[in-house]
Amino acid sequence: MKAVRFYGKEDVRIEDIEKPSPKTGEVLIKIGGAGVCHSDLHIIHDGIPGADELTPFTLGHENAGWVEEIGDGVTEYKKGDAVIVYGPWGCGHCKPCQLSSENYCDYQSVQAYGGGLGLNGGLAEYMIVPSTRLLVPIGELDPVIAAPLSDAALTPYAAIKRSLTKLTTDATVVVIGIGGLGHMALQILKGVCGSTVIAGDISKDKLELAKTHGADYVINTTDADAAEQILKITGIKKAAVVLDFVGIGPTIALGKKVIGLNGDLTIAGLGGGAMDASYGQLPFGVRVSTPYWGSRAELIEVIALANQGKLDIAIETYNLDQTKEVYDKLHHGNIIGRAVMIP
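Predicted model, so just to flag it, every value in this text is computed and none were measured.

### Here we look at unusual backbone geometry
Step number 1: A cis amide bond links Thr-55 with the next residue in sequence, Pro-56, at an omega value of 0°.
Step number 2: Topologically, Pro-56 is positioned in the loop between α1 (38–46) and β4 (57–58).
Step number 3: Positive phi outside glycine occurs at Glu-10, with the angle close to 65°.
Step number 4: For Glu-10, the position within the fold is in the loop between β1 (2–8) and β2 (11–16).
Step number 5: For Glu-10, a relative accessible area of 54% translates into the label exposed.
Step number 6: Backbone geometry places Ser-100, a non-glycine residue, at a positive phi of 75°.
Step number 7: Its location among the elements puts Ser-100 in the loop between α2 (95–98) and β7 (114–115).
Step number 8: Residue class for Ser-100 comes out buried when judged on its relative accessible area of 16%.

Structural data, given as structure tokens:
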């Protein structure tokens, strides 16, 4: 079968490998769609720290498709069932894993993070999922549409749930970065709360996307007075919540300027920016968090939102032979929404 393989820093190869067979407890998934994420670029450029011994492996951590074959002992699924793959794979036994929060597995620091993140992922025709606990049925959803929901929707959904008590009808939330995650965050906010939503980005195309996906206001964050524009909308209270899906110095600095007292400043982007959170650098009571993905239970909730018709993910579709082209487009910010590879 064809697969997109990572051999080490800056070394990605599209090649034919042997189709895997499921062992006891495993499930072989025929991939219908695999989303391409900025995290892939971080892996390609930086590798996985302390995990060089895991290479080569197949990239792709946003995956959906159909059950193709089951290993001995699997009774929950049968061939043809449409499923999405939960991305972060924990040990399955520690307390966070027992709570379905494998994204915060106690043993995360000593094992691969998941399929496409140290183990074989879904940028291929087939992938092995080691346990049925890592699968969620998607009902009538098209796997091409569903695949990116496993990260591009799950990550903002989990971040938003952390702040639900502050996302009241009289509050304002600022979403910075209207890419794959950001444009989903806008819709989730409109689906689960009634707050005023301000979207910020540097791209006119992405701000246009924001207008059609739930933003009440849009701000070009390259404007010298971007913070002032936001504060004119929020008034003296400032923003109750800032969701930063970029995470570089300028976006973090903007978030600090517009977050209000007792607000939530959530940095979900992996841009590598730093901030001074010492006393006096932020309004009193501000909670800074760096969430990672979401729980399997929250993925079930995301799929329910999608099946209710409340999530409209913007996608561009490509075939596996175009993967390197897609990575280049993603690197230069030329993907609107999410790129999905179709084997």
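### Regarding the pairing of strand β18 (residues 338–341)
Step number 1: Every second residue of β18 is oriented toward a common face, with Arg-338 and Val-340 on one face and Ala-339 and Met-341 on the other, all of them buried.
Step number 2: As paired strands, strand β3 (residues 27–36) and β18 are joined by 3 bridges and run antiparallel to one another. Bridge pairing in β18 places Gly-35 opposite Val-340.
Step number 3: Summarising the sheet, strand β17 (residues 315–318) and β18 pair through 4 bridges and their orientation is parallel. The residue bridging Tyr-318 from the neighbouring strand is Met-341, located in β18.
Step number 4: Taken together, β17, helix α10 (residues 323–331) and β18 constitute a β-α-β crossover, and its handedness is right-handed.

### Notes on the pairing of strand β15 (residues 259–267)
Step number 1: Counting buried positions over the 9 residues of β15 gives 7, a clear majority of the element.
Step number 2: Relative to β15, strand β14 (residues 239–244) runs parallel, the two being bridged by 5 bridges. Looking across to β15, one finds that Leu-243 is bridged to Thr-266.
Step number 3: Note on the crossover from β14 through helix α8 (residues 249–258) to β15: the handedness is right-handed.
Step number 4: Bridge count between β15 and strand β16 (residues 287–289): 3 bridges; the pairing is parallel. Looking across to β16, one finds that Thr-266 is bridged to Ser-289.

### A word on the environment of Ala-112
Step number 1: Its place among the elements puts Ala-112 in the loop between α2 and β7.
Step number 2: Residue class for Ala-112 comes out buried when judged on its relative accessible area of 16%.
Step number 3: For Ala-112 and Lys-19, which are 93 residues apart along the polypeptide, the C-alpha to C-alpha distance reads 21 Å.
Step number 4: When neighbours within four sequence positions are excluded, Ala-112 is seen to be in contact with Leu-54, Trp-89, Leu-117, Gly-118 and Leu-119.

### With respect to the sheet that holds β4
Step number 1: With respect to topology, 3 strands assemble into an open sheet ordered β2-β1-β4, the strand pairing being antiparallel. Unpaired on one side and paired on the other, β2 and β4 mark the two borders of the sheet.
Step number 2: Bridge count for β1 against β2 is 6 bridges, and the pairing is antiparallel. What sits directly across from Arg-5, in β2, is Arg-13.

About the cut-offs
Residues numbered from 1 in each chain as written. Predicted model: local features only at pLDDT ≥ 70, side-chain atom pairs only at ≥ 80, totals over all residues. Heavy atoms only, no water. Helix = DSSP H or I, 4+ residues; strand = E, 2+ residues; numbered from the N terminus. Buried < 20%, exposed > 50% of the residue type's maximum accessible area, 1.4 Å probe, protein only. Pairing = 2+ DSSP bridges. Right-handed = clockwise from strand over helix to strand, strands pointing away. Contact = heavy atoms within 4.5 Å.

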